Amino acid sequence: MAMLIAILSASNFIIGMGAFVVIGLLNPISADLGVSPGAAGQIMTTYALAYAIASPLLVAGTGRVGRRRVLAFSLGAFALANLLSAMAPGEVTLHASRILAAAGAGVFTPVAAAVAAGLSPPERRARALAAVFFGLTLAQVAGVPAGSFIAFTYGWRAAFILVALLALPCLWLIWTRIPRGLAFQPVSLNDLTRTLGNWPVMLAVSFTALFLGAIYVLYTYLSPLLAETMGFGRDGISLALLAFGIGAVLGNILGGIATDRIGAFRTLFALSLAQMAIMPFFSTLPLPVWLTLPMIGLWSTCGWSFMAAQQVRLIGLSRDGPSVVLALNAAAIYVGAALGAALGGFVIAAYGVDALGYAAGLFASIAIVALLISKRING
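Here's what I pulled together on the structure shown here. (Residues numbered from 1 in each chain as written. Predicted model: local features only at pLDDT ≥ 70, side-chain atom pairs only at ≥ 80, totals over all residues. Heavy atoms only, no water.)

Structural notes on the environment of Ala 258
As for its position among the elements, Ala 258 is in helix H12 (residues 234-262). Residue classification places Ala 258 among the partly exposed residues on the basis of a relative accessible area of 23%. Sequence separation between Ala 258 and Thr 137 is 121 residues; the distance between their C-alpha atoms is 17 Å. Among residues more than four places away in sequence, those in contact with Ala 258 are Gly 263 and Thr 267. (Helix = DSSP H or I, 4+ residues; strand = E, 2+ residues; numbered from the N terminus. Buried < 20%, exposed > 50% of the residue type's maximum accessible area, 1.4 Å probe, protein only. Contact = heavy atoms within 4.5 Å.)

Have a look at this one:
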């Protein structure tokens, strides 16, 4: 079990790096392709929307295929897509390659979570999920800052090539070390349809989109925000992303512990309040560097503590097995990313980067309302 978790976590590191490295590449991409940072940020919107649509459909459509094959082929598609991103001659082809990447990631991550949850005893489920998702948070610490540094130094295409190369050993480990015939509950498109029609469950899932949507209003454009208000270049942005990544790792660990101790709802409510309080301070930049970097780390800690708690809550509400609801939750993550990136681009166009923190804090208040309504309905 420990080796299985380690392989899935390492693979999620590749998924996380490939998905979020774009955050640190906006300035190099916009300069190379001749588009604005706001337009470059829509690459993240494309990825997010493609993930949101493809993930539940592909997870349900492959529900009766062996888990090893599903994991291997989805990670392979993700690696190929990042190679195509590196070769993209223009904006349109770059968007197309991100759609393929989103399809691969949209299958891999929820299936990996469902496998870990299904093989873990209930009292250890939150920590097992946190361990699988540790790779995604570790990508924030090492992968995204490293990708940003490489992009500023060698060009943004080199960052995508690195992701594709790192995926190869993980692909080999999945195919050779994960046993055939893993026990799982087969799912189908009928299961997906049933879950989509269960509006109390979908209301609970919508909290994911709202919570992360608030974060992505700010996070998508963190690099241009820091460049404009703090005067950060390559090193400053890489350091800020490193602070965000360290906070993500702490959040991933603390979120699993808090959920096991005080419950999923209390954890999510406290984190939502923290997001609503912290993010408006980004509209007060510039601040001293010694204050800005810890603020970024604290913000990230509160944001990434959410993952284990929300998944435990959704698994408890699921009646058609965890794979479908986790796929929908994964889709909601990227619906939130798409909403946040789109809203952030609108805010920049209308009010400038200084307004991003205030807009994100306001969005977080909507997430709190959705959580309270969901709690009242679902218990």
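Structure shown, so let's carry the discussion forward.
So, the pattern of salt bridges
Applying the stated criterion across every chain yields a total of two salt bridges. A salt bridge links Asp 235 to Arg 234, with the nearest nitrogen and oxygen atoms 3.0 Å apart. Given a relative accessible area of 48%, Asp 235 falls into the partly exposed group. (Salt bridge = Lys/Arg side-chain N within 4 Å of Asp/Glu carboxyl O.)

Remarks on a nonpolar patch on the surface
On the surface, a nonpolar cluster with roughly 700 Å² of combined accessible area is contributed by Leu 80, Leu 83, Leu 84, Met 87, Leu 100, Ile 161, Leu 165 and Leu 168. Among the elements of the structure, helix H4 (67-87) and helix H8 (156-177) are those that each provide at least two residues to the nonpolar patch. Among the elements that take part in the nonpolar patch, H4 stands out by supplying four residues, more than any other. Looking at the secondary structure, you find Leu 165 in helix H8. (Patch = residues over 30% accessible without salt bridge, like charges linked within 9 Å, V, L, I, M, F, W, Y side chains within 5 Å. Areas by Shrake-Rupley, 256 points an atom, 1.4 Å probe, with all protein chains shown as cover.)

Observations regarding the packing of aromatic side chains
Per the counting criterion, the structure on display carries 13 aromatic pairs. Judged by centre distance (6.5 Å) and plane angle (85 degrees), the rings of Phe 20 and Trp 304 are edge-to-face. In this pair, Phe 20 is assigned in helix H1 (residues 2-20) and Trp 304 in helix H14 (residues 289-304), connecting sequence segments 284 residues apart. Take Phe 20: its relative accessible area is 4%, and that puts it in the buried class. Judged by relative accessible area, which is 13%, Trp 304 ranks as buried. On the basis of an interplanar angle of 40 degrees and a centroid distance of 6.3 Å, the ring pair of Tyr 47 and Tyr 51 is categorised as tilted. (Phe/Tyr/Trp six-rings, centres within 6.5 Å; stacked < 30°, edge-to-face > 60°.)

Observations regarding the nonpolar core
Ranked by size, the top nonpolar core spans 129 residues in total, and within it Leu 8, Phe 20, Tyr 47, Tyr 219, Phe 282, Trp 299 and Tyr 334 carry the most contacts. Ranked by residues supplied to this core, first place goes to helix H10 (residues 199-219) with 14 residues. If sequence neighbours within four positions are ignored, Phe 282 has contacts with Leu 218, Leu 222, Leu 225, Met 295, Ile 296, Trp 299 and Gly 357. (Core = buried A, V, L, I, M, F, W, Y, C linked by side-chain atoms within 4.5 Å.)

Let's talk about helix H15 (residues 306-317)
Along its twelve residues, H15 runs 17 Å from first to last C-alpha, staying within 8% of the 16 Å computed at 1.5 Å per residue. For H15, the complete set of buried residues consists of Phe 306, Met 307, Ala 308, Ala 309, Gln 310, Gln 311, Arg 313, Leu 314, Ile 315 and Leu 317. (Expected span 1.5 Å × (residues − 1).)

A few points about the environment of Val 163
Its location among the elements puts Val 163 in helix H8. By relative accessible area, Val 163 is classed as buried at 1%. Note: C-alpha distance between Val 163 and Phe 13 (150 residues apart in sequence) is 9.7 Å. Apart from the residues within four sequence positions on either side, Val 163 is in contact with Ile 14, Met 17, Gly 18, Phe 78 and Asn 82.

Considerations on H1
Along its 19 residues, H1 runs 26 Å from first to last C-alpha, staying within 8% of the 27 Å computed at 1.5 Å per residue. A large share of H1 lies buried, amounting to 15 of its 19 residues.

Examining the packing of helix H3 (residues 37-61) against helix H5 (residues 91-118)
Two elements in contact, H3 and H5, have axes separated by 7 Å at closest approach and are oriented at 40 degrees. Taken together, H3 and H5 sit at an angle that is classed as oblique. The handedness of the crossing between H3 and H5 is right-handed. For the contact of H3 with H5, the class distribution of residues is 17 nonpolar, six polar and two charged. (Axes fitted to C-alpha atoms, helices over the stretch in contact; angles between N-to-C directions. Parallel < 35°, antiparallel > 145°, perpendicular 65-115°, else oblique. Left-handed = near helix turned anticlockwise from the far one by under 90°. Nonpolar A, V, L, I, M, F, W, Y, C, P; charged D, E, K, R; others polar.)

Points about the side chain of Ser 300
Secondary-structure assignment places Ser 300 in helix H14. Take Ser 300: its relative accessible area is 1%, and that puts it in the buried class.

Quick notes on the packing of H12 against H15
One way to put it is that H12 packs onto H15 with a least axis distance of 6 Å and a crossing angle of 40 degrees. The angle between H12 and H15 falls in the class oblique. In this structure, H12 uses Gly 255, Gly 256 and Thr 259 to contact H15, whose residues at the interface are Ala 308, Ala 309 and Val 312. Across the contact of H12 with H15, the residue classes break down as three nonpolar, three polar and no charged.

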